[in-house]
Amino acid sequence: MAELARRAEAEKARRASETASAQPAHVSEEGLAVMSKNTATTRPYHWVMTLQAGDGRRVTTSGLFEVPAWMGRNEAYERLCEQEKSCYGLEDATVLFFSLEPNLLGGGR
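What this report covers is the structure whose coordinates are included nearby.

Things to note about helix H2 (residues 73–87)
Between its terminal C-alpha atoms H2 stretches 21 Å, which fits the 21 Å expected from 15 residues at 1.5 Å a residue. Residues of H2 that are buried: Ala76, Arg79, Leu80, Cys81, Gln83, Glu84, Lys85 and Cys87. Glycine 89 occupies a position one or two residues after H2 and carries a positive phi of about 65 degrees.

Section: the pairing of strand S3 (residues 42–52)
With 11 bridges connecting them, S3 and strand S4 (residues 58–68) associate as antiparallel partners. Bridging from a neighbouring strand, glutamine 52 pairs with arginine 58 of S4. Connecting S3 to the next strand, S4, in antiparallel fashion are 5 residues, including glycine 56 with a positive phi near 100 degrees. One ladder, built from 8 bridges, connects S3 with strand S5 (residues 94–102); its direction is antiparallel. From the neighbouring strand, glutamine 52 faces S5, where its bridge partner is threonine 94.

Cut-offs used in this document
Residues numbered from 1 in each chain as written. Predicted model: local features only at pLDDT ≥ 70, side-chain atom pairs only at ≥ 80, totals over all residues. Heavy atoms only, no water. Helix = DSSP H or I, 4+ residues; strand = E, 2+ residues; numbered from the N terminus. Expected span 1.5 Å × (residues − 1). Buried < 20%, exposed > 50% of the residue type's maximum accessible area, 1.4 Å probe, protein only. Pairing = 2+ DSSP bridges.

Listed below in structure tokens is the structure:
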């Protein structure tokens, strides 16, 4: 349980540093959120995911995901699932909740 808490804190710190940056994130070939200067072909989405491991441990996590114009909802879901399960050491986890919506409000791009 302490390991899960340590990983969660490390991920929270990583996301906070990304949010503070002026550059948006996008998805690397490995499916992980990374920084990019090319935003012309991506759109920012906010996501929320709740995972539950077989032993009952749960984690709810969220973030911004720069979705390339060619990427569909299913591929975005698969990449985020893989990333988050790996990050928290919950490879056997079941997704209890998932939401992916445009981040910009008020008619933004």
